[in-house]
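# Breakdown of the fold
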Amino acid sequence: MKKTTILLLIALVVGGFVLSSAAFTVDETQTAIVIQLGRPVGDEALGPGLHFKLPLVQNVVFFDARILDFDAKPEEITTTDKKYMNVDSYTKWKIVNPLTFYTKVRTIQGARARLDDIVRSQLRVALGRYTLIEVVSHKRQEIMAAVTKRSKELLEPYGIDVLDVRIKRTDLPAENARSIFGRMKAERERQAKQYRSEGREASARIKAAADKERTIILADADKQAEILRGEGDALATKTYADALGQSPDFYAFTRSLEAYRKGFDKNSKFIITPKSPFLKYMQ
């Protein structure tokens, strides 16, 4: 009875060990493949959940199923206008075929080495087709799209999907920065002089147009004033003529009084005879 119990306990312990060695779980963020004698078992990777393998004969290799980052070291690249620039880039990538990935590159370190070779070469090729100004300004998006597409095609046979390649930073080498800055400054000063010259020319045109318009307005105003004065003088002459026609004596009397009022000032001096017609209404 004791031997039977001992054998049963031994069987349970061995069974538990075998079961624990055979069972394994794959996390939600992972995929896995079973390896036997250095070769993958089966045609597909294992997804999240509980799985089993042969104890002591097979082992499991896990891979991260999430999007991974590869931050490359800065590299000096020459543009098409023979300018040197230090380019710091990074790559977003993912393991999409674990079996192929394990067969071709084995580990994450191997994948990073392959990414480094291919992405660097594609960046050199792509940036070498553009000038420095195009790289740092309006052509950046187009260049990155081309590098991403080509890198994706070249890394697909390794079970790797390249999602995006981006440039974090571009710097000029220290020995070239000063000369490039000098040329850029000279170009900006030339543009500033051109803009100021165009501004002075536009200002002169505006002032000339304003002076012309002012002259025309003043001439029209003088013309209108002369017309109004002429009409006023004509009306006054007509009024005087009408008054003279109605009562010549009264008209002569009122005109004489007006002449007296204007002429007899405290400092006025006259040399006339008492019988002068001017003093007719003063007698």
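Preceding this section is the structure that the text describes.
Here's what I pulled together on the structure shown here. Quantities reported herein were computed from a predicted structural model and do not represent experimental measurements. (Residues numbered from 1 in each chain as written. Predicted model: local features only at pLDDT ≥ 70, side-chain atom pairs only at ≥ 80, totals over all residues. Heavy atoms only, no water.)

## A word on helix α3 (residues 108-127)
- Taking 1.5 Å per residue as the helical rise, α3 with its 20 residues ought to reach 28 Å, and the 27 Å between its terminal C-alpha atoms agrees with that figure.
- Regarding α3, the residues found buried are Ala111, Leu115, Ile118, Val119, Arg120, Gln122, Leu123, Ala126 and Leu127. (Helix = DSSP H or I, 4+ residues; strand = E, 2+ residues; numbered from the N terminus. Expected span 1.5 Å × (residues − 1). Buried < 20%, exposed > 50% of the residue type's maximum accessible area, 1.4 Å probe, protein only.)

## Some details on the nonpolar core
- Among the nonpolar cores identified, the biggest contains 33 residues, and Trp93, Phe101, Leu115, Leu123, Leu127, Ile143 and Val147 are the most heavily contacted of them.
- Listing elements by their share of this core, those giving two or more residues are β2 (30-36), β6 (68-71), β8 (84-95), α2 (98-104), α3, α4 (132-136), α5 (140-155) and β9 (160-171).
- Among the elements that line this core, the one with the most residues is α3, at 7 residues.
- Beyond its immediate chain neighbours, meaning those up to four positions away, leucine 115 contacts Phe70, Thr91, Trp93, Arg120, Leu155 and Val162.
- Membership of the second largest hydrophobic core comes to 5 residues, among which are Phe24, Val26, Ala32 and Val60. (Core = buried A, V, L, I, M, F, W, Y, C linked by side-chain atoms within 4.5 Å. Contact = heavy atoms within 4.5 Å.)

## Considering the packing of aromatic side chains
- Taken as a whole, this structure holds 2 aromatic pairs when the rule is applied.
- Consider the rings of phenylalanine 24 and phenylalanine 62, whose centres lie 6.5 Å apart with planes at 80 degrees: the pair is edge-to-face. Taken as a pair, phenylalanine 24 in strand β1 (residues 23-26) and phenylalanine 62 in strand β5 (residues 58-64) lie far apart in primary sequence, 38 residues in all.
- We classify phenylalanine 62 as partly exposed; its relative accessible area is 37%.
- Centroid distance phenylalanine 63 to phenylalanine 101: 5.5 Å. Interplanar angle 85 degrees. Geometry classified as edge-to-face. Of this pair, phenylalanine 63 sits in strand β5 while phenylalanine 101 sits in helix α2, placing them 38 residues apart in sequence.
- Residue class for phenylalanine 63 comes out buried when judged on its relative accessible area of 4%.
- Taking the relative accessible area as the measure of exposure, phenylalanine 101 reaches 0% and is therefore buried.
- The positively charged end of arginine 106 is found above the aromatic ring belonging to tyrosine 102, 4.4 Å away from the centroid. (Phe/Tyr/Trp six-rings, centres within 6.5 Å; stacked < 30°, edge-to-face > 60°. Lys NZ or Arg CZ within 6 Å of the ring centre and 35° of its normal.)

## Comments concerning the sheet that holds β2
- Strands sit in the order β3-β2-β5 across an open sheet of 3 strands; the sheet is antiparallel. If you trace the sheet from one side to the other, it starts and ends with β3 (39-46) and β5, each paired once. Averaged over all pairs of adjacent strands, the angle between their axes in this sheet comes to 25 degrees, without regard to strand direction.
- Two strands pair when backbone bridges link them, and β2 and β3 are joined in this way by 4 bridges, in the antiparallel orientation. Residue pairing for β3: alanine 32 is matched across the bridge by leucine 46. (Pairing = 2+ DSSP bridges. Axes fitted to C-alpha atoms, helices over the stretch in contact; angles between N-to-C directions.)

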